[in-house]
Amino acid sequence: MSARTGAAAGPAGAAGVDATADRADTADIAADQDLDQGQSGGGPGRGPAGGRDDGQLLAMIDGVPDYDYVAHTATLRGVVRQRLVTRALREHLPAAPARIVDVGGGTGVQALALARLGYDVTICEPDERMVDEATRAFATAPKEIRDRIRLVQCGAFEVADRVGTGFDATLCHGVIMFVPETEALLRALVRLTRPGGTISIVGKNGPGLALRAGLQGRWRDVLTQLAENGDGAGNGALPPEPVVLGPAPANSADDPSLIRSVLVAEGAEPLAWYGIRTFTDHLADEPPTADLDDIVQAEWVAGTLDPYRQVARLVHLVHRRQP
C-alpha cells in the first residue's frame, strides 16, 4: 500500500440504493471500475435506501449490507460498462501526467487503470467495505503504480476539505443517483475541477429505464417505470437542447437533461455524452462470451448514435469547466 494512502476518521457513509421498480435488478452497484472489471450499482425501489446520519448516507446495497457487490465484476454487463467508460475517458482526459480525483471511486479499479496510464489519482470513497477492497487491490500493484494513488475515506461533500481543489479532471461514476442532493453534488464537482478541466459523470438514464423490464417481459414493472417518467401519454415533447428524449423522471438524479443544465449553469460546458448498455442491459448476470470485443464495439457505436443512446441504461456525460 502506498504511504500516501489513508482513511478519514469518523463515520463512513455511502450512497443508498438506486431508484427503480426493477425488483430483479441486484447487479448494478455504484462504483468506478477498470477496463475489464466493474462493480454493480443499483437495486430495487425508487429513492435512496440509506438514511441520513450525522450528514452521511448510510451504506446499503439492495437493503442487504453484506450483498456481494463485487460479483458483478465478471459479468458481461459489468465488463461492457467499464470498457465503454474507460474508452470515453481516454478520449477526453487531459494528457498524463495530470491530477484526477475519483469521487465515490468504489474499490479503486478505475483509479488503478488511470494510474497505470501515468495519471496521479486521488480516490475518495465513503464506504468502509469498498475502501478495504481498494486497499487490498492497491497493495498488490507495483510500487510505481501505488505511488500515483492516494486513497481517502470521505463522502462527496467532504472532498474539497480533505484533498483540496484544482484537479485536472473530476470523475463521479455511478454515484449521483444515490445522493439526494443532486444539484449540490454537481456544484461540488465543478468546484473540485480547475478551469479548463474535465468533469465526467455516469448515472442512470431515467427516460430509458423501462427498456430492461420490457425486454425481460416484466410488463407490470414497465408500466411502473413509464408512470414514474411522466404521465404515460407519450406526448413527444423535447426540452431545449435535449440530452435524451422523454419527460423528466421522478428522481431528478436520473434526468440527464437536468444534470447537464446544472453543470452548464455552473460554468461547465458539455463536450460529449454517451449511452451505456443499449443492447446488453437486459442480460442479467451472464458471463462474457467469446465475441466480447464485437459486443463492446457494437455498444460503443450505439452509445454515440441517436436513437440508440437515448434508450441506454446509463448515460455518460463529459463536460469541461470553462477557463
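You'll find the structure just up there.
Keep in mind that what you see is a predicted model, and the values were worked out from it rather than measured.

Draft legend 1. Main features of the overall build of the protein. When its secondary structure is counted, the protein shows 10 helices and 9 strands. Expressed as a percentage of contacts within the protein between residues at least 6 apart in sequence, the contacts between residues at least 24 apart total 78%. Carbon and sulfur atoms provide 54% of the accessible area of the protein, an area that totals close to 12,900 Å².

Draft legend 2. Structural context of the packing of helix α6 (residues 182-192) against helix α9 (residues 256-265). Running from N to C, α6 and α9 point in directions that differ by 45°, and their axes come no closer than 10 Å. It follows that α6 is oblique to α9 by the angle criterion. Between α6 and α9 lies a crossing of right-handed hand. For the pair α6 and α9, contact is made by Thr182, Glu183, Leu186 and Val190 and by Leu258, Ile259, Val262 and Leu263, respectively. Classifying every residue of the contact of α6 with α9 gives 6 nonpolar, 1 polar and 1 charged.

Draft legend 3. Representation of the state of the cysteines. Counting across every chain of the model gives 0 disulfides. Here Cys154 is not disulfide-linked; the sulfur of Cys124 is the nearest cysteine sulfur, at 4.0 Å.

Draft legend 4. Spatial organisation of the environment of Val311. When you line up the elements, Val311 lands in the loop between α10 (292-302) and β9 (314-321). Note: C-alpha distance between Val311 and Phe279 (32 residues apart in sequence) is 9.6 Å. The contacts of Val311, once residues within four sequence positions are left out, are Asn205, Gly208, Leu211 and Thr278.

Draft legend 5. Representation of a nonpolar patch on the surface. A contiguous nonpolar surface patch, about 350 Å² in accessible area, is contributed by Phe279, Val301, Leu305 and Tyr308. Along the chain, Phe279 falls in the loop between β8 (268-276) and α10.

Draft legend 6. Representation of the pattern of salt bridges within the structure. Under the counting rule described, the total for this entry stands at 15 salt bridges. The salt bridge involving Arg83 is made with Asp293; its shortest N-O contact spans 3.0 Å. With a gap of 210 residues between them, Arg83 in helix α1 (residues 76-92) and Asp293 in helix α10 connect regions that are remote in the sequence. The exposure class assigned to Asp293 is exposed, which follows from its relative accessible area of 56%. Linking Arg313 and Asp281 is a salt bridge whose minimum nitrogen-to-oxygen distance equals 3.9 Å. Of this pair, Arg313 sits in the loop between α10 and β9 while Asp281 is found in the loop between β8 and α10, placing the two residues 32 residues apart along the sequence. You'll find Arg313 and Asp281 in the same group, each marked buried. Here the salt bridges do not stand alone but share partners, grouping Arg77, Arg212, Arg277, Asp281, Asp285 and Arg313 into one network.

Draft legend 7. Molecular detail of the nonpolar core. Counting residues in each nonpolar core, the largest one holds 36 residues, and the members touching the most others are Leu93, Ile100, Leu114, Tyr119, Phe138 and Ile149. Among all residues touching Ile100, those that are not within four sequence positions of it are Leu93, Leu114, Tyr119, Asp120, Val121, Thr122, Phe167, Ala169 and Leu171. If you look at the next biggest cluster of nonpolar residues, it comprises 29 residues, including Cys172, Leu189, Ile199 and Ala268.

What counts and what doesn't
Within every chain, residues take consecutive numbers counted from 1 along the sequence as written. Note on the predicted model: pLDDT of at least 70 is required for a residue's local features to be given, and 80 or more for side-chain atom pairs to be given and counted; whole-chain, interface and lining totals, by contrast, use all residues. The side-chain quantities take in all heavy atoms of the structure and omit both hydrogens and water. Only DSSP runs of H or I covering at least 4 residues are called helices, and only runs of E covering at least 2 are called strands; the numbering of each starts at the N terminus. Residue contacts are defined here by distance: any two heavy atoms, one from each residue, within 4.5 Å place the two residues in contact. Computed with the Shrake-Rupley method and a 1.4 Å probe, the accessible areas treat only the protein chains shown as cover for residues. Note on definitions: angles span 0 to 180 degrees between N-to-C directions of axes, and those axes are lines fitted to C-alpha atoms, for helices only across the stretch in contact. Angular relationships are summarised with four words: roughly parallel below 35 degrees, roughly antiparallel beyond 145, roughly perpendicular across 65 to 115, and oblique for the angles in between. By convention the crossing between two helices is left-handed if the near helix lies anticlockwise of the far one by an angle smaller than a right angle, and right-handed if it lies clockwise. Under the grouping applied here, Gly and all other residues not named as nonpolar or charged are polar, the nonpolar ones being Ala, Val, Leu, Ile, Met, Phe, Trp, Tyr, Cys and Pro and the charged ones Asp, Glu, Lys and Arg. Note on terminology: pairs of cysteine sulfur atoms within 2.5 Å are recorded as disulfides. Two joining distances apply to patches: 9 Å for like charges and 5 Å for nonpolar side chains (Val, Leu, Ile, Met, Phe, Trp, Tyr), and every residue must have over 30% relative accessible area and no salt bridge. We define a salt bridge as a contact between a side-chain nitrogen of Lys or Arg and a carboxyl oxygen of Asp or Glu at a distance within 4 Å. Burial classes follow relative accessibility: with a 1.4 Å probe on protein chains only, a residue under 20% of its type's maximum area counts as buried, one over 50% as exposed, and anything between as partly exposed. For our purposes a nonpolar core is just a set of buried Ala, Val, Leu, Ile, Met, Phe, Trp, Tyr and Cys residues, chained together by side-chain atoms within 4.5 Å.

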